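Overview (structure and organization)
As a plain string of letters, each chain reads:
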Amino acid sequence: MAEGVSVVAESLAGGGARVARSVLGQVVLPGEELLLPEQEDAEGPGGAGERPLSLNAGACSRVRVICGPGLRRCGDRLLVTKCGRLRHKEPGGGGGGGGGVYWVDSQQKRYVPVKGDHVIGIVTAKSGDIFKVDVGGSEPASLSYLSFEGATKRNRPNVQVGDLIYGQFVVANKDMEPEMVCIDSCGRANGMGVIGQDGLLFKVTLGLIRKLLAPDCEIIQEVGKLYPLEIVFGMNGRIWVKAKTIQQTLILANILEACEHMTSDQRKQIFSRLAES
Amino acid sequence: MEEERHTEAKIGAETGRGSSPRGPGCSLRHFACEQNLLSRPDGSASFLQGDTSVLAGVYGPAEVKVSKEIFNKATLEVILRPKIGLPGVAEKSRERLIRNTCEAVVLGTLHPRTSITVVLQVVSDAGSGAQLLACCLNAACMALVDAGVPMRALFCGVTCALDSDGTLVLDPTSKREKEARAVLTFALDNVERKLLMSSTKGLFSDAELQQCLAAAQAASQHVFRFYRESLQRRYSKS
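Residues numbered from 1 in each chain as written. Chains lettered and ligands numbered in written order. Predicted model: local features only at pLDDT ≥ 70, side-chain atom pairs only at ≥ 80, totals over all residues. Heavy atoms only, no water.

As recorded in an unreviewed UniProt entry, chain B goes by the name Exosome complex component RRP46, listed as coming from Callithrix jacchus. Regarding chain B, the UniProt comment filed under Sequence similarities (unreviewed entry) reads as follows: "Belongs to the RNase PH family." (UniProt positions renumbered as here; feature names shortened; annotations may be inferred.)

As annotated in an unreviewed UniProt entry, chain A is Exosome complex component RRP40 from Callithrix jacchus. Looking at chain A in UniProt, the text filed under Sequence similarities (unreviewed entry) is "Belongs to the RRP40 family."

Now the structure itself:
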């Protein structure tokens, strides 16, 4: 009886693993298995049969693949852990040998700190020589008072509880407390530090931030034409925006919030209507 | 706008159901699902199945109380709120079943020392416990997916009832459930369609259990197909 059940389950699985190349840009679900190009050759029809002998077959068929967010490796299998669209980026060296980075582009709201990410944080506490900064993750990040441009033991930066900080993660992994800095490797601020007094901070989904920060993003170019503005994007889903008047700031914030689910035609319509007024 | 999306989801559900082969005693009532309908939780979903409807919200990976902190994995918590009144023993028991199911599929080790909280609110309940459990499981799964919590697989809940003469009814109405000799609820995963959890009531033989399980596995295919359609619809909007 139990055997009969397992046979049913087998036939229901419906194809099982799919080739990673063929599902690029499509929605993948947790639990799905993806096949990489070299596995596709090996497991394809007649793959196990006759194959021309080559001296270093093992060495040349190996490609380096990086599992990005939403994917995990289990033995030699590639498994999906998040729902979203599968994306791929060819390795920098070109060639297109099947390697590169695969990741799942999901519409998540909760931020998980990643090393090197630029984020907007809110200072929640000052204790001794570190600040605690809320970045929207599972625990507050720590920020040393020495990691500001020009800060020394004598010359402390002027940071108060409640201030907004634009910084970068230098330590971010699942086992340790995340650590932020507001200087780059040369000791320069490079745009980071405490964000000015006025302006408006609002939250959007992480997917929208990635969309806005993509090179040659139309939305940002259009918004820039509308009013003169200052804007800061944090990878943790926070946007700080400031225009000349409060009214303009609110308009900009509303546009940015709304443009997530708009098509490019709808966007053009809205922008042309605003440009007229 | 919310209303519009809801009807859209319902139409999708109907078409999804229409394509399913409806053999004798092998049909699920229509289901509908809407995701990301709450603004404050990290993930949310409402799941409607027949006359039972559950709203789920997921918070996580979020900060955790020191007393509940687990050093090598995420603390998973499930809260089930009945439609009226305070949660009782039945709710606590269901909470535990759902929590254990979620724990089997959520990759908690990727977010140690955090908490993942699933809050389930019963919106409408036809008075059948097994139906409600299945609906809660489906709502919890969709909300976890919406929150982007890393998962090993998806899961769904399917209810079977065995009549006094031994006929098998999938997804029984509350009336049939009351008349049934035994009611079985299974949680199944989408990778190997293996059993994750089972909750049973009444008398049944070993062969009948296997029969119900096979029927539930066949039915789970429709639920997973519906999950896929519903998630594809969600991602087609961006």
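Our focus in this paragraph is the domain arrangement of chain A. Assigned domains within chain A: domain 1 (16–36 + 64–106), domain 2 (117–194) and domain 3 (200–276). Using only C-alpha atoms to locate each centre, domain 1 of chain A and domain 2 of chain A end up separated by 34 Å. (Domains from an automatic or database assignment.)

This part is about the confidence of the model for chain A. Do not read the fine detail of predicted coordinates wherever pLDDT is low. Residues and elements named next belong to chain A. Looking at chain A, pLDDT values average 84 and 83% of them are 70 or higher. Every residue in residues 1–15 is under pLDDT 50, and counting partners more than four places away or in other chains gives 13 contacts. Here residues 42–52 is modelled with pLDDT under 50, and outside its nearest four sequence neighbours on either side it reaches five contacts, counting other chains as well. (pLDDT = per-residue confidence, 0-100. Contact = heavy atoms within 4.5 Å.)

Under the UniProt annotation, "domain: Exoribonuclease phosphorolytic" (unreviewed entry) lies at residues 28–150 and 154–218 of chain B. End C-alpha to end C-alpha, residues 154–218 of chain B measures 15 Å, and it is 29% helix and 42% strand. (Helix = DSSP H or I, 4+ residues; strand = E, 2+ residues; numbered from the N terminus.)

To describe two helices that pack against each other, one gives the angle between their axes and the distance between the axes. Residues and elements named next belong to chain B. Closest axis-to-axis distance for the helix α2 (residues 89–105)/helix α3 (residues 129–147) pair is 11 Å, and the angle between their directions is 40 degrees. In terms of orientation, α2 and α3 fall into the oblique class. Where α2 crosses over α3, the handedness of that crossing is right-handed. Counting all contacts with α2, which are made through R94, L97, I98, T101 and C102, the residues of α3 involved are G129, L132, L133, C136, L137, A140 and L144. For the contact of α2 with α3, the per-class residue count stands at nine nonpolar, two polar and one charged. (Axes fitted to C-alpha atoms, helices over the stretch in contact; angles between N-to-C directions. Parallel < 35°, antiparallel > 145°, perpendicular 65-115°, else oblique. Left-handed = near helix turned anticlockwise from the far one by under 90°. Nonpolar A, V, L, I, M, F, W, Y, C, P; charged D, E, K, R; others polar.)

Looking now at the interface of chain A and chain B. In this assembly, 33 residues from chain A lie in contact with 44 residues from chain B. Where chain A packs against chain B, one counts three salt bridges. With a closest N to O distance of 2.9 Å, A:R110 and B:D42 form a salt bridge. Counting only elements with at least two residues in the side of chain A that touches chain B, the list comes to α1 (2–12) and β7 (84–89) of chain A. Looking at the side of chain A that touches chain B, the element that brings in the most residues is α1(A), giving three residues. (Salt bridge = Lys/Arg side-chain N within 4 Å of Asp/Glu carboxyl O.)

Moving on, we come to the UniProt feature "domain: K Homology" (unreviewed entry) in chain A. According to UniProt, the "domain: K Homology" (unreviewed entry) feature falls on residues 199–246 of chain A. Secondary structure across residues 199–246 of chain A divides into 38% helix and 33% strand, with the first and last C-alpha atoms of the span separated by 8 Å.

Time to look at empty space enclosed by the protein. All names here are of chain A. Taken as a whole and assessed by the stated rule, the structure comprises two cavities of 30 Å³ or more. Looking at the second largest cavity, its volume works out to about 50 Å³. Residue lining of the second largest cavity: E218, I219, E222, S264, R267, K268 and F271, and that is the complete set. For the lining of the second largest cavity, the element with the most residues is helix α7 (residues 264–276), which contributes four residues. (1 Å grid on protein atoms, 1.4 Å probe; cavity = no way out; pocket = protein on both sides within 12 Å on 5 of 7 lines; lining within 4 Å. Points joined across faces, edges and corners; volume = space filled by probe spheres on them.)

Residue and element names in this part refer to chain B. The tally for this structure, following the rule as stated, stands at seven aromatic pairs over all chains. Between F31 and F47, the ring centres sit 6.2 Å apart and the planes meet at 40 degrees, which makes this aromatic pair tilted. Highlighted residues: F31 in strand β1 (residues 31–35) and F47 in strand β2 (residues 43–49), separated in sequence by 16 residues. With respect to burial, F31 and F47 carry one shared label: buried. Here a set of aromatic residues connected by ring pairs shows up, and it is made of F31, F47, F224, F226 and Y227. (Phe/Tyr/Trp six-rings, centres within 6.5 Å; stacked < 30°, edge-to-face > 60°. Buried < 20%, exposed > 50% of the residue type's maximum accessible area, 1.4 Å probe, protein only.)

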